[in-house]
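Survey of secondary and tertiary structure
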Amino acid sequence: MKPLFLFLFSLWAVAGSIGVSAQEKSPYPDLSLRIGNQQKTYAQIGLLGHTSRLYGAAIGILGHYSHYETKGVQTGLWTITKGKVQGLQLSPLFNYSESIRGVQLGSFANITSSSANGTQISATNLAIEGKGLAQIGLTNVILNEGRGLQIGVTNYAGSMNGLQMGLINIAGGTQLRGLQIGLVNMSRDTSAIKIGLVNINPKTKIQMMIYGGNLSKINGAVRFRNAHFYTMLGVGIYNKGLNDKFSGTLFYRAGLHYPLYHKWRIGSDLGFAHQENSEASTQYETQRSFALQARLNIEYQFSPKFGAFISGGHSISKTYRKEDHFKHKPIIEAGILLF
């Protein structure tokens, strides 16, 4: 402990002699050794460091603060540059800069209060504007215009020219020039390319489907219908019969649709279903199976918010056990459309 105490005391003494000459006041004490002076620092190391301009490398064990500019490498438990960064900010907590042209690499957060050009990698990445910016993290946010790449669990951009890839992708501007890939994709641009389970834009028509059929007797689904493409999520019950123990299915379908004549419409889709069946006459555990399905659908719209449809197709199902064989079955369904 004594050598460590002497080392810390010497750093404090050196920092005191250097910090007196500082012209820019910092909210943090300067506990560091440096090459250069307060106005232009070329190398700096210590517990806490601050400088007006960093042209080189700085290591702040607890943190580092640059008042005007950083050109080089700024590292510490946290790093802050109130001006522009050209280079690298590296921190296990968070990095902040007014603008950056380079890389921010942190564990919890990277924040740029104006424009960012380069790469942000952290749990949370935030930039006001990103032109030529790649964000990789759990949550990525570009409040205004974004050009580049966002990869994360949740991605948001005011407007996007590039790629969003994640569980939830949102582009709030009127233009999305690029691609969204995820479970849920949302944009205000109706012509944007979206690949996902649910794709939503201002012209997306969200409909409720209630129908019966020979596979599961009672079904309900929500359909997200765009100009020619739709996806749907749904649930069905009583796969075997009404006298059997409870059984059900969860399914997802995606397909294309086109107008035929007047109020008639034709469509076709492919789907995947997870099924659970338990027969009343047996004491065995519930059988779990999956099915791949194809359908052809004919719809008639009585009014803007009410319609009816009939579907026919084919289902190929199999239990999750390897030794079981595939079973083939036709599909016959009919129901109503709401909204």
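Here the structure is a predicted model, which means the values were calculated and not measured.

The next subject is empty space enclosed by the protein. One pass over the full model with this rule turns up 1 cavity of 30 Å³ or more. Volume-wise, the largest cavity comes out at about 40 Å³. Met209, Arg223, Tyr230, Met232, Arg253, Asp269, Asn297, Glu299 and Phe309 together form the lining of the largest cavity. Where the lining of the largest cavity is concerned, the elements lending two or more residues are β13 (229–237) and β16 (287–303).

Here we come to the sheet that holds strand β15 (residues 264–277). Taking strand neighbours around the barrel as the criterion, the 8 strands line up as β11-β12-β13-β14-β15-β16-β17-β18 in a closed arrangement whose pairing is antiparallel. Strand after strand, the sheet turns through a mean of 25° between neighbouring axes, direction not considered. Pairing between β16 and strand β17 (residues 306–319): 14 bridges, direction antiparallel. Bridge assignment links Ala294 to a residue of β17, and that residue is His314.

The predicted coordinates of low-pLDDT regions are not to be read in fine detail. Per-residue pLDDT for the protein averages 85, and the proportion of residues at 70 or more is 85%. Ranking the helices and strands of the protein by mean pLDDT puts strand β4 (residues 94–106) first, with 95, and helix α1 (residues 2–19) last, with 36. Every residue in residues 1–23 scores below 50 in pLDDT, and together they form 16 contacts with partners more than four places removed in sequence or on other chains.

All right, on to the side chain of Ser317 then. Residue placement: Ser317 occurs in strand β17. A residue is classified by how much of its surface remains accessible, and Ser317, at 17% relative accessible area, is buried. Beyond its immediate chain neighbours, meaning those up to four positions away, Ser317 contacts Gln275, Phe290, Ala291, His325, Phe326 and Lys327.

Size it by volume and the largest pocket reaches roughly 520 Å³. Forming the boundary of the largest pocket are 27 residues, of which Lys240, Gln275, Asn277, Ser289 and Ser317 lie nearest the centre. Here the residues of the lining of the largest pocket sort into 4 nonpolar, 14 polar and 9 charged.

Let us now look at a nonpolar patch on the surface. A grouping of Leu33, Ile45, Ile59, Ile61, Leu62, Leu77, Leu93 and Phe108 is seen on the molecular surface, where their side chains present a nonpolar patch of about 690 Å² in accessible area. Inspection of the secondary structure assignment puts Ile45 in strand β2 (residues 41–76). What makes Ile45 partly exposed here is its relative accessible area of 46%.

It is worth spelling out the nonpolar core at this point. In terms of nonpolar packing, the biggest core is built from 10 residues, these being Met209, Tyr211, Ala221, Tyr230, Met232, Phe251, Ala273, Ala291, Phe309 and Leu337. Elements with a contribution of two residues or more to this core: β11 (205–213) and β13. Excluding its chain neighbours within four sequence positions, the residues that come into contact with Phe251 are Tyr211, Asn219, Gly220, Ala221, Met232, Leu233, Gly234, Val235, Gly236, Phe272 and Ala273.

Sheet analysis places strand β1 (residues 31–36) next to β2, joined by 6 bridges and oriented antiparallel. In the strand pairing of β2, Gly36 is matched with Thr41. The hairpin formed by β1 and β2 contains 4 residues between the paired strands. Of the strand pairs in this sheet, β2 and strand β3 (residues 78–91) are connected by 10 bridges, and their pairing is parallel. Across the sheet, residue Ser66 finds its bridge partner in β3, namely Thr81.

Pairing of strand β5 (residues 109–121) with strand β6 (residues 124–136) involves 10 bridges; the strand directions are parallel. If you follow Ala116 over to β6, its bridge partner there is Gly130. Summarising the sheet, β6 and strand β7 (residues 139–151) pair through 10 bridges and their orientation is parallel. Each bridged residue has a counterpart across the sheet, and for Asn125 the counterpart in β7 is Asn140.

Criteria and cut-off values
- Residues numbered from 1 in each chain as written.
- Predicted model: local features only at pLDDT ≥ 70, side-chain atom pairs only at ≥ 80, totals over all residues.
- Heavy atoms only, no water.
- 1 Å grid on protein atoms, 1.4 Å probe; cavity = no way out; pocket = protein on both sides within 12 Å on 5 of 7 lines; lining within 4 Å.
- Points joined across faces, edges and corners; volume = space filled by probe spheres on them.
- Helix = DSSP H or I, 4+ residues; strand = E, 2+ residues; numbered from the N terminus.
- Pairing = 2+ DSSP bridges.
- Axes fitted to C-alpha atoms, helices over the stretch in contact; angles between N-to-C directions.
- pLDDT = per-residue confidence, 0-100.
- Contact = heavy atoms within 4.5 Å.
- Buried < 20%, exposed > 50% of the residue type's maximum accessible area, 1.4 Å probe, protein only.
- Nonpolar A, V, L, I, M, F, W, Y, C, P; charged D, E, K, R; others polar.
- Patch = residues over 30% accessible without salt bridge, like charges linked within 9 Å, V, L, I, M, F, W, Y side chains within 5 Å.
- Areas by Shrake-Rupley, 256 points an atom, 1.4 Å probe, with all protein chains shown as cover.
- Salt bridge = Lys/Arg side-chain N within 4 Å of Asp/Glu carboxyl O.
- Core = buried A, V, L, I, M, F, W, Y, C linked by side-chain atoms within 4.5 Å.

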